[in-house]
Structures are given as structure tokens and as C-alpha cells.
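Structural overview for review
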Amino acid sequence: MYLESLKLLNFKNYDAQALELSPKLNCFVGKNGMGKTNLLDSIHYLCMCKSGVMRSSDRILVRHGEAFFRLDGIFKREEKRENIVAKIIGGKSKIIERNKVPYKRISEHIGLLPVVIIAPNDTQLAMEGSEERRRFWDSTISQSDAKYLKNLLIYNKVLAQRNAYLKSTRYLDESLLGIYDQQLLAPAEYISMKRKAFAAIFTPIFETAYRKISNDQEKVSLVYKSKLLEHKLETLLQETREKDKILQRTTQGIHKDDWDFRINTFPVKKFASQGQLKSYVLALKLAQYDLLYQKKIVPPILLLDDIFDKLDNDRVKQLLTLLVQEDFGQVFITDTDENRIEKIIQLFDVDYKKFIVNRGQIIDNA
Amino acid sequence: MRLALHLLQQPKESVEEFTTSIGKMRQKIQFCKEGHNISDDDKCSICNNASRDKSTICIVESIRDIMAIEDTAHYRGLYHILGGVISPIEGIGPSDLNVSTLIERAGRAETKEIIMALSPTIEGDTTIFYLSKQLQAHDVKVSTIARGVSFGGELQYADEVTLGRSISARIPYGK
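Below is a short write-up of the structure. Note that the coordinates shown come from a computational prediction; the quantities given were computed from them, not determined experimentally.

**Examining the sheet that holds strand S14 (residues 352–358) of chain A**
Residue and element names in this part refer to chain A. If you trace the 6 strands from one edge of the open sheet to the other, you get S8-S12-S13-S3-S14-S15, paired in mixed fashion. What marks the edges here is a single partner per strand, and that holds for strand S8 (115–118) and strand S15 (361–364). In this sheet, adjacent strand axes meet at a mean angle of 20° when their direction is disregarded. Sheet analysis places S8 next to strand S12 (residues 301–305), joined by 4 bridges and oriented parallel. Paired with Ile 117 across the bridge in S12 is Leu 303. Against the sheet, helix H8 (residues 274–296) makes contact with S8 and S12, and its axis sits at roughly 170° relative to S8, the strand it touches most.

**Section: the pairing of strand S3 (residues 25–29) of chain A**
Residues and elements named next belong to chain A. Judged by how many residues are buried, S3 sits mostly within the fold: 5 of 5 residues are covered. Alternating positions in S3 separate into two faces, Leu 25, Cys 27 and Val 29 on one and Asn 26 and Phe 28 on the other, with burial throughout. One ladder, built from 5 bridges, connects S3 with S14; its direction is parallel. By the bridge assignment for S14, Cys 27 is matched with Lys 354.

**A short note on the sheet that holds strand S9 (residues 220–225) of chain A**
Residue and element names in this part refer to chain A. Strands sit in the order S9-S10-S11 across an open sheet of 3 strands; the sheet is antiparallel. Looking at which strands have only one partner, the edges of the open sheet turn out to be S9 and strand S11 (266–267). Across 6 bridges, the pairing between S9 and strand S10 (residues 258–263) is antiparallel. By the bridge assignment, Ser 221 is partnered in S10 with Arg 262. Sitting on the sheet, helix H3 (residues 130–144) touches S9 and S10, and the angle it makes with S10 is about 100°. Most of the contacts of H8 go to S10, to which it runs at about 130°, and overall it touches S9 and S10.

**With respect to a positive patch on the surface**
All names here are of chain A. Positive charge collects at one region of the surface, where Lys 167, Lys 227, Lys 243, Arg 249 and Lys 256 lie side by side. Mapped onto the elements of the fold, Arg 249 is located in the loop between helix H6 (233–247) and S10. A relative accessible area of 36% means that Arg 249 is categorised as partly exposed.

**Quick look at H8(A)**
Here H8(A) contains 23 residues, and its C-alpha end-to-end distance of 33 Å stays within 8% of the 33 Å for a straight helix at 1.5 Å per residue. Following H8(A) by one or two positions, A:Ile297 adopts a phi angle in the positive range, close to 70°.

**Describing the pairing of S14(A)**
Note on strand geometry: in a regular strand, side chains alternate between the two faces of the sheet. All names here are of chain A. Of the pairings in the sheet, the one linking S14 to S15 comprises 4 bridges and is antiparallel in character. Bridging across to S15, Phe 355 finds its partner in Asp 364. Where S14 folds back on S15, the antiparallel hairpin that results is connected by 2 residues, among which Arg 359 adopts a positive phi of roughly 45°.

**Considerations on the pattern of salt bridges**
As a working rule, side chains carrying opposite charge can pair if their charged atoms are close by. All names here are of chain A. Within this structure, the stated rule accounts for 31 salt bridges over all chains. Arg 98 serves as the salt-bridge partner of Glu 82, at 2.8 Å between the closest nitrogen and oxygen. Of this pair, Glu 82 sits in strand S5 (residues 80–89) while Arg 98 is found in strand S6 (residues 95–98), placing the two residues 16 residues apart along the sequence. With a relative accessible area of 2%, Glu 82 lands in the buried category. For Arg 98, a relative accessible area of 29% puts it in the partly exposed group. In this structure, Lys 354 engages Glu 338 in a salt bridge whose closest nitrogen and oxygen atoms are separated by 3.0 Å. Taken together, the residues span a long stretch of sequence, with Lys 354 in strand S14 and Glu 338 in helix H10 (residues 338–348) at a distance of 16 residues.

The rules behind the values
- Residues numbered from 1 in each chain as written.
- Chains lettered and ligands numbered in written order.
- Predicted model: local features only at pLDDT ≥ 70, side-chain atom pairs only at ≥ 80, totals over all residues.
- Heavy atoms only, no water.
- Pairing = 2+ DSSP bridges.
- Helix = DSSP H or I, 4+ residues; strand = E, 2+ residues; numbered from the N terminus.
- Axes fitted to C-alpha atoms, helices over the stretch in contact; angles between N-to-C directions.
- Contact = heavy atoms within 4.5 Å.
- Buried < 20%, exposed > 50% of the residue type's maximum accessible area, 1.4 Å probe, protein only.
- Patch = residues over 30% accessible without salt bridge, like charges linked within 9 Å, V, L, I, M, F, W, Y side chains within 5 Å.
- Areas by Shrake-Rupley, 256 points an atom, 1.4 Å probe, with all protein chains shown as cover.
- Salt bridge = Lys/Arg side-chain N within 4 Å of Asp/Glu carboxyl O.
- Lys, Arg positive; Asp, Glu negative; His and termini not counted.
- Charge placed at Lys NZ, Arg CZ, Asp CG, Glu CD.
- Expected span 1.5 Å × (residues − 1).

Written out as C-alpha cells, the structure is:
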């Protein structure tokens, strides 16, 4: 699967731009702040219906001073053309169209076009709170299992209602709380089961990826942590009801799950060196790529945002040989250094296109 | 604005007539004591209608839903307007809905069945679940309207959730 052509209108710092892409390797070269990452983000948006870089609302993706943005991509997937359009007009919610037909539920689009983004801020996965890690796993599992995303949306909606109710009044109706508990059970059970099964297949892939990047230097581990592995959510919610009422939020459930990252049995967050940390999260992303590849049959699109700058030459080489060895799909690379990009292009030795990005202008320089 | 310009072009008398009828409407129309439907009396025309079946009560969210169900001409019972569904996010808790009058009606000897005709959403489900618990103490049958593939629709275009529901809640056919 690959992206054949891309049109941007009022997206981030771009006014109107159109690109024809290589099915294999695409390189964007330019100085900092010229809009290289924004290009990768527009591709991520067409695949996942959201930014892969920004956590905030879609509105700030609109070019400054404009009222809307529009992205238009033609993908080739299993010999068929898929025309995906994403647009936001005014304050309205986003519209995603597949071959001119708007999705009734945007979640139905997730998984059609698998994508993995590797970026410098990936280290947040290890350093920030558990929310980052849940986001990573939710996005990975959702891309390979549509039912997972559906259950997650239901769970989050019921959870939001339960929390709003806990905050709304001091005279709580116990029977209504009990009903919210009941409504959480089925989706929570499905999500918990999937996360557990996913951890079992993900971990060995991740360990292999890490070994390749680090040349077998350390032993890494990755453990899925959830109270639901040992207790029933129904019991947990009952036990914690009084506490929830005082804190005015739900303190038990799959929204508290986490993953434990370790190198040589020590927690990554506290003990890993900068290099180890980078390798660890890089291995996570490569494992995500491998796993989606296996599950979806079609190779996912790989977005590499400015990662060569932050890795030492050895690791860059390791990573590239890893990619070249495997039967990788379409790759997008951004870099500030044109010489380095030239070396990478030589190493890959495939059909490629190079673009020069300068202040929201993209020049085809193949 | 359009309405204002139009009214300015009309003769004074007809505008006066128009405004008095609007005033009258707001003054005279009240809500039915029983089912909270709109009415020009204590009780609405449906509750007052002797030919309607007093043993069933259909719970709906709003007056619009009554109009929709009346249009089907398939229902001869009474109604009860809830005034929404439970959604704390929008500030609607059980006490903001017409629940106590419903419980009181359910307790009457003449009431045999309560039909829940609420939206097929998570909030609708919460409300159905909640009301059925509240009604447990009374000797009434509680049912919900069927949910599934729409009439005239095609199976291949139905989404998984709907189709799955239709299959698990299938109806015996024939004998």
C-alpha cells in the first residue's frame, strides 16, 4: 500500500501544494521550521483522522488566518485506488471521505491505511505518564482490530458520563452508579482481553527489534500491568465506590492500565541512558511496524521524522539496514542535512523522490 | 430578520391577529398532568380519549417522538414524556426527568405494560436500565421497542452492531 499523490490546502503552514510521490522512498529536505513535519503529519491525518504530532484540537491544524483545511490523498491499496479526503470547515467537526463518500463514523476508517510514525518526541512514551502508553497501544491495536476501537469508544463515553455524574451532585443515586458500572463491564472485558493477548505477541517482536538495534547489549522487558488481570472489574468498582464518590472520579478500570518498561530489570524512566532510551522507543515503534505488517498483510506507511539527527551513526546504520533487509513499504524521511539524505538514498538503492521544503513551498527535486 | 421584514409589509390588523394568537398559544397551552404532553386542558387529548388503551404507557423523550409514533397509527395506548435521557455530561440527572410521575402511574392497577421508546444510544440504554430498575417493585411488564435492520434496508449495508443485534434478538416466525 502506498500514497500516490497528495494535495494540501491551508494545512498548517501550507497554502496550496500538490505532490506526486514515489511508491518507495520519499525524502523531504529543508531547514528547521520550514514545514517538513507538517507534511508527514498530513499523511498521518489521512490514515488516522488525527494529527500524529499535536495532541490538541484539530482547529490549530488550519493555516493561520484561514477558515478551513483540506487534505486529499490518492492511495494505492491492493491494486485499487482509494481517494481519501479530510477536511475541517469553520468550527464544525471534521469530515473524512473515502472515494467521495463521507464516513458516518470516522472510527470506521481506522485500520484501512496502516501507518507508523517515528519522531524525536517518541521518548515521551517512556518518560511521560501512563496516558501516552495507552494511546500508543490503543492506536496500534485499533489499526488491526476495528472491534477494539468500538469498545474503547463505548467505554470512554460511559466513563465520561459516570465521572460527570460523580461530580454533578452530592446526593448520588446508587442505582444509577450501579448501572454505569454494568455498562462498563462488557467493553472493559473485551479491551482487557485484547491488550493481554496483544502484549503476548508484541513483546517477543519488540525484544528482537531491540536486540538488532543495540547489537545484543542489554536485556529488555515489557510487561502489561492491569488490575483486571487478577480481579473482576465488577468487584473493583464495588470496592472503590466510596472512594470514587469522595474523589468524584472513577479510580478503577482499564483507563488505569499501564506498561512497565525495563532494561536489565531496571525501569527505563529512571535508569536508562539517553541512547538506551532512544533505542528502547525506536524498538517499540519498529515492533509496531512489524506487527501491523503481519496483521494487515499490506506494509504500513512509515514516517521517519528527523530521527537521524538524534541517533549516532552506528544506530542510524543499524536502523537503515534493518529497514532495507525487510520488505518494507513506502517510507517518508525528513532531514535537515542534504548530504546525509544522499547517503541514505544510496543505501536504500530503490526508486525515490527528493523534495526541497522551503517556507511552505515544496519543490520536486528528483 | 426575514420574519420582521415580512411582518412590516403586512397590514396592521393581520399582524395584531397574529400576535394575539401567539400570546394565546403560550397562555392557554399547558402540559398534561399525566404524561407531560402539550395540552389545552389539565389532561391532554390522548389521555382524555376514552377509546385509547389505558393499560399501556409508552415512554418517549419528547413531544416530537409522540408525533412520530402517532403517525404510525400502530399504537393505541398512552404516553409519558421523560423530557430527555440521563446524561450527566449535559447536566441531566434522574431528578431532572419526569420519573416520579411515571412511577406513580406504573403503580396504578390499570397499568399493565410499559414500553420504552428511547434513542438507541449509550445514554438511552442507561436510562432504560435505570427506569426498569425503578419499575421492578411494580407489577408491570416492561418492554423496549425492537432495534435492528430497518425495513426496506439491505443487510449488506447494515453496520455490524445493528446486524448483530438483529440476529441475537431474532423473532420466531410462523407457528
